[in-house]
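# Fold and contact review
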Amino acid sequence: MGSTEDDSGVVYLGGGQQEQVRAVARTPPPVPSTELPWGPAPVTPPPPPVSLAETLRPVTPVSPHGTLLQGIPTPAPPPVASVRGLVPGQVVAQRYRVERWLGAGGSSTVYEALDLHLGQRVALKVLATPHADASTVARFRQEVEHARALEHVNILRVHDVGLDGDRHFLTVELLDGVDLRQRMLEQRPTLAQTLRWLTHAAVALEHAHGRGVLHRDVKPANLFVTRTGVLKLMDFGLAKSLHVMGTTAQGTVLGTPEYMAPEQVMGNPPLSPATDLYALGVVAYELCTGQLPFRHTDPVPLMFLHVQQAPVPPTTLRPSLPVPFEQVILKLLEKRPEDRYAGAGELRSALSKLWPWALKEQA
């Protein structure tokens, strides 16, 4: 989990998804599609002045996986050799026996492994480059420190972190299912599914925020839906905690442009739980309409759409959407943090009042 890359491409239990993950791992993806197959015809907003993008572009590097670093010139690092891949039967740290390859993301590769001490299967996540810089390793290990304070059914459980030769690794619970991005690509979710997933995410954020941890990168790729329907918040590599020393350099902004709150773009006011709620509002908008509220091929103008432009009302794109759903989404997407919900607990309460409309759709 480097400072300019994220692991949004990682699938912890592959099954039929392995070929797709392999493609993501080998080639940088194109600009992501901003509407889902079941979404409406796109309504393209006018872009902000090009001069703004051109002005900021030299100091705004973006990783191939969508994580953006603003404020510090970051020249492309020289190529480094990758850690040799693990093979089935290989034992890491005299404890984790590799069973099979699961997937890969921007800075790590994931395997299914057997914990020989506990006799349970885990996902083994290995940092992909040897002799990584200190901030990359710190961010990789930081995921464990955050997760250890966040034991919750709706948060991916992290078990262990360590070093095996030149391999930095961590182990997490092995999940069976797909991330929310893949789930949305398969079919339009029902309102009941949408409401259940948003409620699970709100509960996870309420738990994290109550322990002083901001996620800072809430997006469908970091929300995993198990085959039993439980949503889990994962990848705390960009998280900020009151209890864990951060590794972000002063003046940097980390996040994924499609889901960044205005204050995350501007650096003011300071980030707060409302920042994560805004990102969840973008996810809710996408779940209900099939497209993102703001779209642009260039990440810099895209970020400033979050700052300057109001989203198209969801009912414009999906007239059948109940108005109370739209009201919750638009409140989450308010530009000023103080105009959003006071916390994830208040959001959870608001979501609970939407069940009559969700159940009516199924009747």
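Here the structure is a predicted model, which is why all the values come from computation and not from measurement.

## Structural notes on the overall build of the protein
- Within the protein one finds twelve helices and 13 strands.
- In the protein, buried positions account for 55% of the 363 residues.
- Partitioning the intrachain contacts of the protein with sequence separation of at least 6 by distance along the chain shows that 69% fall at a separation of at least 24.
- Counting only carbon and sulfur atoms, one obtains 57% of the accessible surface of the protein, whose full area is about 15400 Å².

## What about the packing of helix 5 (residues 191-210) against helix 12 (residues 355-362)?
- Where helix 5 meets helix 12, the axes come as close as 8 Å, and the angle between the chain directions of the two elements is 145°. Within the contact between the two elements, helix 5 uses Leu191, Ala192, Leu195 and Arg196 and helix 12 uses Trp355, Trp357, Ala358, Glu361 and Gln362.

## Digging into the environment of Gln264
- Looking at the element boundaries, Gln264 is found in helix 6 (residues 262-266).
- Of the residues examined, Gln264 reaches a relative accessible area of 5% and is grouped as buried.
- Linking Gln264 and Val307, residues 43 residues apart in sequence, is a C-alpha distance of 9.5 Å.

## Quick look at the sheet that holds strand 7 (residues 167-173)
- Strand order across the open sheet formed by six strands is 2-3-4-5-7-6, with antiparallel pairing between neighbours. Here the strands that pair on one side only, and so sit at the sheet edges, are strand 2 (91-92) and strand 6 (158-164).
- Bridge analysis of strand 6 against strand 7 gives six bridges, and the strand direction is antiparallel. Bridging across to strand 7, Val161 finds its partner in Leu170.

## Let's talk about the pattern of salt bridges
- Applying the stated criterion across every chain yields a total of 16 salt bridges.
- Residue Glu361 pairs with Arg318 through a salt bridge whose shortest N-O separation is 3.4 Å. Of this pair, Glu361 sits in helix 12 while Arg318 is found in the loop between helix 9 (314-317) and helix 10 (323-332), placing the two residues 43 residues apart along the sequence.
- Of the residues examined, Glu361 reaches a relative accessible area of 36% and is grouped as partly exposed.
- Several salt bridges share partner residues, and in doing so they unite Arg97, Glu99, Arg100, Glu112 and Arg121 into one network.

## Regarding the sheet that holds strand 11 (residues 231-233)
- Here we have three strands laid out as an open sheet, ordered 8-10-11, and antiparallel in their pairing. Each having just a single partner strand, strand 8 (177-179) and strand 11 make up the two edges of the open sheet. If you compare each strand with its neighbour and ignore which way they point, the axes differ by 25° on average.
- In this structure, strand 8 lies alongside strand 10 (residues 223-226), joined through three bridges in antiparallel fashion. Each residue of the ladder has a partner; that of Gly177, found in strand 10, is Thr226.
- Seen against the sheet, helix 5 touches strand 10 and strand 11 and runs at an angle of roughly 35° to strand 11.

## Looking at the pairing of strand 3 (residues 96-104)
- With two bridges connecting them, strand 2 and strand 3 associate as antiparallel partners. Bridge pairing in strand 3 places Val91 opposite Arg97.
- Connecting strand 2 to the next strand, strand 3, in antiparallel fashion are three residues, including Ala93 with a positive phi near 55°.

## Quick notes on the confidence of the model for the protein
- Of all residues in the protein, 67% have pLDDT values of 70 or greater, and the mean over the chain is 79.
- Contacts of residues 242-251 to residues separated by more than four positions or lying in other chains number 19 contacts, the stretch itself having pLDDT below 50.

## With respect to the nonpolar core
- Core analysis: the biggest nonpolar cluster contains 53 residues, and Leu180, Leu280, Phe325, Val328, Leu347 and Leu351 have the highest contact counts within it.
- Elements represented by at least two residues in this core include exactly helix 4 (180-186), helix 5, strand 10, strand 11, helix 7 (273-289), helix 8 (299-308), helix 10 and helix 11 (344-352).
- Residues contacting Leu347, with those up to four places away along its chain left out, are Ala202, Leu277, Leu280, Val328, Leu332 and Tyr341.
- Core analysis: the second largest hydrophobic core is formed by eleven residues, Leu102, Val161, Leu175 and Phe224 among them.

## Quick notes on unusual backbone geometry
- The omega angle of the peptide bond from Asn268 to Pro269 is -5°, so this bond is cis rather than trans.
- For Pro269, the location among the structural elements is in the loop between helix 6 and helix 7.
- Positive phi, normally seen in glycine, also occurs at Gln94, with a value near 55°.
- One can find Gln94 in the loop between strand 2 and strand 3.

Definitions and limits used
- Residues numbered from 1 in each chain as written.
- Predicted model: local features only at pLDDT ≥ 70, side-chain atom pairs only at ≥ 80, totals over all residues.
- Heavy atoms only, no water.
- Helix = DSSP H or I, 4+ residues; strand = E, 2+ residues; numbered from the N terminus.
- Buried < 20%, exposed > 50% of the residue type's maximum accessible area, 1.4 Å probe, protein only.
- Contact = heavy atoms within 4.5 Å.
- Areas by Shrake-Rupley, 256 points an atom, 1.4 Å probe, with all protein chains shown as cover.
- Axes fitted to C-alpha atoms, helices over the stretch in contact; angles between N-to-C directions.
- Pairing = 2+ DSSP bridges.
- Salt bridge = Lys/Arg side-chain N within 4 Å of Asp/Glu carboxyl O.
- pLDDT = per-residue confidence, 0-100.
- Core = buried A, V, L, I, M, F, W, Y, C linked by side-chain atoms within 4.5 Å.

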